[in-house]
Amino acid sequence: MNQQTTPLLDAVERLIHTNPAYFRIPGHRLDRGISSRLTDRTGSRIFAYDVTETPFTDDLHAPEGAIREAQELLRDLYGADESFFLVNGTTCGNEAMILSTAFEGQEIMIARNAHKSAMMGLVLSGAKPVYVTPAVIDAWGIQGAVEPCAVRALFREHPKCTALLLVHPTYYGICSKLQEIADICHENNALLLVDEAHGGHLYFDKTLSGERRGALACGADLCVQSMHKVTGALTQSSVLHIKSHGVREEALLRVAQNLHLVQSTSPSYLLMISLDCARYELAMHGEQMYEKAAALAEDARRRINRIEGFACLEETAQTALDRTKLVFSARGLGISGFALDALFLERFNVHVELSDHENVLAVVTYANVQEDLDRLVDACAAISDTYRNAEEKYDTCVIKDRVCFPKLPEQVLTPRQAYFAPKREIAWEDAVGAVSGQLIAPYPPGIPALYAGEVVSREAWEYIEDFRKRGRHIHGADKDGQLRTIKVIG
Ligand SMILES: Cc1ncc(COP(=O)(O)O)c(C=O)c1O
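Here the structure is a predicted model, which is why all the values come from computation and not from measurement. (Residues numbered from 1 in each chain as written. Predicted model: local features only at pLDDT ≥ 70, side-chain atom pairs only at ≥ 80, totals over all residues. Heavy atoms only, no water.)

## Comments concerning the overall build of the chain
Thought 1: Along the chain, the regular secondary structure elements total 16 helices and 20 strands.
Thought 2: For the chain, whose C-alpha radius of gyration is 23 Å, the value lies close to the compact-globule estimate of 23 Å for 490 residues.
Thought 3: Based on the C-alpha atoms only, the size of the chain along its principal axes is roughly 70 × 55 × 45 Å.
Thought 4: Buried positions account for 56% of the 490 residues belonging to the chain.
Thought 5: Accessible area of the chain: about 20,800 Å², with a carbon and sulfur share of 49%. (Helix = DSSP H or I, 4+ residues; strand = E, 2+ residues; numbered from the N terminus. Rg over C-alpha atoms; globule rule 2.2 N^0.38 Å. Buried < 20%, exposed > 50% of the residue type's maximum accessible area, 1.4 Å probe, protein only. Areas by Shrake-Rupley, 256 points an atom, 1.4 Å probe, with all protein chains shown as cover.)

## Some remarks on the sheet that holds strand 20 (residues 485–489)
Thought 1: Within the open sheet, the 3 strands sit side by side as 16-20-17. Their pairing is antiparallel. Each edge of the open sheet carries a strand with a single partner, namely strand 16 (423–427) and strand 17 (435–436).
Thought 2: Here strand 16 runs beside strand 20; their pairing, made up of 5 bridges, is antiparallel. Its bridge partner being in strand 20, Ala 427 is matched across the sheet by Thr 485. (Pairing = 2+ DSSP bridges.)

## Description of the pairing of strand 13 (residues 325–329)
Thought 1: Most of strand 13 is tucked away: 5 of the 5 residues are buried.
Thought 2: Of the two faces of strand 13, both are covered, the one formed by Lys 325, Val 327 and Ser 329 as well as the one formed by Leu 326 and Phe 328.
Thought 3: Both strand 11 (residues 311–312) and strand 13 contribute to a ladder of 2 bridges, which runs antiparallel. Directly across from Ala 311, in strand 13, lies its bridge partner Ser 329.
Thought 4: One ladder, built from 5 bridges, connects strand 13 with strand 15 (residues 359–363); its direction is antiparallel. By the bridge assignment, Ser 329 is partnered in strand 15 with Asn 359.

## Brief notes about the nonpolar core
Thought 1: With 60 residues, the main nonpolar core has Leu 8, Phe 85, Val 151, Leu 164, Leu 192 and Met 227 as its most contacted residues.
Thought 2: When residues of this core are assigned to their parent elements, the largest contribution, 11 residues, is made by helix 12 (residues 269–305).
Thought 3: Composition of this core by domain shows at least three residues from each of domain 1 (7–282) and domain 2 (286–387).
Thought 4: Counting residues in each nonpolar core, the second largest holds 41 residues, with Ala 96, Val 167, Leu 252 and Val 262 among its members. (Core = buried A, V, L, I, M, F, W, Y, C linked by side-chain atoms within 4.5 Å. Domains from an automatic or database assignment.)

## Considering the sheet that holds strand 2 (residues 107–111)
Thought 1: Ordered by their spatial adjacency, 7 strands build an open sheet running 1-10-9-8-6-2-3, and the pairing between neighbours is mixed. Each edge of the open sheet carries a strand with a single partner, namely strand 1 (82–86) and strand 3 (128–132). Sheet twist, expressed as the mean angle between neighbouring strand axes with direction ignored, is 20°.
Thought 2: Most of the contacts of helix 4 (residues 66–78) go to strand 1, to which it runs at about 120°, and overall it touches strand 1, strand 9 (222–225) and strand 10 (238–242). (Axes fitted to C-alpha atoms, helices over the stretch in contact; angles between N-to-C directions. Contact = heavy atoms within 4.5 Å.)

## A few points about the site of the ligand
Thought 1: Around the ligand lies a shell of 14 residues, among which Thr 91, Asp 195, His 198, Ser 226 and His 228 are the nearest.
Thought 2: Taking Thr 90, its main chain carries an N or O atom lying 2.8 Å from an oxygen atom of the ligand.
Thought 3: Asp 195 has a polar side-chain atom sitting 2.5 Å from a nitrogen atom of the ligand.
Thought 4: Burial of the ligand by the protein chains amounts to 89% of its free accessible area of 390 Å².
Thought 5: The leading source of residues in the shell around the ligand is helix 5 (residues 89–101), at 4 residues.
Thought 6: Residue composition of the shell around the ligand, by class: 3 nonpolar, 9 polar and 2 charged. (Near = heavy atom within 4 Å. Polar contact = N/O pair within 3.5 Å; in protein donor to acceptor, adjacent residues only side chain to side chain. Nonpolar A, V, L, I, M, F, W, Y, C, P; charged D, E, K, R; others polar.)

## Remarks on helix 12
Thought 1: For helix 12, spanning 37 residues, the distance from its first C-alpha to its last is only 44 Å, which falls clearly below the expected 54 Å at 1.5 Å a residue.
Thought 2: In helix 12, a bend of some 85° at His 285 exceeds every other bend along the element.
Thought 3: At the N-terminal end of helix 12, a side-chain oxygen is found 3.2 Å from the backbone nitrogen of Leu 270, two or three residues along, and the residue is Ser 268. (Expected span 1.5 Å × (residues − 1). Bend = angle between axes of the 7 residues up to and from the residue.)

## Quick word on the packing of helix 5 against helix 6 (residues 117–125)
Thought 1: At a closest axis distance of 8 Å, the pairing of helix 5 and helix 6 adopts a crossing angle of 40°. The angle between helix 5 and helix 6 falls in the class oblique. Crossing of helix 5 over helix 6 shows right-handed handedness. Contacts from Thr 91, Asn 94, Glu 95, Ile 98 and Leu 99 of helix 5 reach helix 6 at Ser 117, Ala 118, Met 120, Gly 121, Leu 122, Leu 124 and Ser 125.
Thought 2: When the residues that make up the contact of helix 5 with helix 6 are grouped by side-chain class, the tally is 6 nonpolar, 5 polar and 1 charged. (Parallel < 35°, antiparallel > 145°, perpendicular 65-115°, else oblique. Left-handed = near helix turned anticlockwise from the far one by under 90°.)

## Looking at helix 6
It helps to recall that an α-helix has 3.6 residues per turn; residues three or four apart then point in one direction.
Thought 1: Within helix 6, 7 of the 9 residues are buried, which leaves the element mostly enclosed by the surrounding structure.
Thought 2: Among the residues of helix 6, those classed as buried are Ser 117, Ala 118, Met 119, Gly 121, Leu 122, Val 123 and Ser 125.
Thought 3: Where helix 6 is buried, its residues contact helix 5, strand 2, strand 3, strand 6 (163–167) and helix 15 (415–420).
Thought 4: Residue Gly 126 follows helix 6 closely and has a positive phi angle near 85°.

Structure (structure tokens):
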């Protein structure tokens, strides 16, 4: 197929040029009805591309024209059997993967560092999660890769698991040994589902081998990518790919049907066009885009490592990394990741993607420029100058103890059973020992510390309490976001 084309963009363009008397949805009539408050700032042209299903523009839910062709181009670029545009993010892709592969009561293996959308998928499907715990990288206080031996051991205990859902690479850019894990899944007649929300760009590093090559190249049967996160599409635009390995093929046939369940019947053409165009850019320039991001990040990593008190996470024999993710800490200055994040923002107008107790994460993409990285590195140098000889450490958030990831809490109910069970509200401080009626996930990264249906262990409570005390954003907290209360079951 000719990757130089953008079939959906061109189809919408043709529609606009016909100057139609337009009585379809959306009601703003190819931009005429958009508030001038908005168009004064953005210009109006873009809104003309916000159209709907017409004879020109195809239908996402039964594609046979421009959308079909655009999806086929995507499929060919990524080496999939079939690819789908998603307008509700990787969130709906994770839901569809779980819904397609595990039914009510069936067991599915889920990496415990999965995004909270995995729990939403479990609520929809009714499947029973069996959690595989990623290794912890102690020196950095973060979760690392899921080890193939852990997956193998869990299949021995739970041979009926229909699939494994893994996050690869993680938010921090850590890659698991996917090919080995895929082989273990397939030996056990299970599918490998990969949440590749942060990894759509890895396919364009042609120097890569092994686990960093991208999920489809490493044996995944299904994977979802947030094209909006690192590959240039608009927010909410993601894609789902299928690549069959002859295992549980009937499940793969259910994916398209389940995407109907989790996506709007009025998918945004702006989002879909942005996917079409992001795919075009990747096809034309993907390798240069990737190389630019990786070179910027690697240069910054070298420079930050030379600043006193700062250190960057580096690849080791045990830890394969996505080179474009910059994970670093000011541990040597006693400054926590949360405090470093605040310093960057308040004093230097530098926005990092997330922070934790020790580290911050800067996501470097092809669209960053050298000046962005210089500002980041200069901010680190200025912080080092200020705090390395200071009597007082930066006061709000000094690193104390290493974060301790809680052991797996006891699961009493499946997420679906818990979701529909009657609940009562109790004070958060009394929650230890109760069965949680809700998911609790510090955000970002949105990894649940507790799933609904699990017993609130002392460890889990303390882990969450630490985030709460620091005023961090927590999904699942009560109405005022303070987590003063928790809904419990029984
Ligand atoms: C690992 C992971 N999976 C899924 C999601 C959800 O993706 P989306 O925002 O595209 O719905 C996120 C969001 O941050 C994520 O980090």
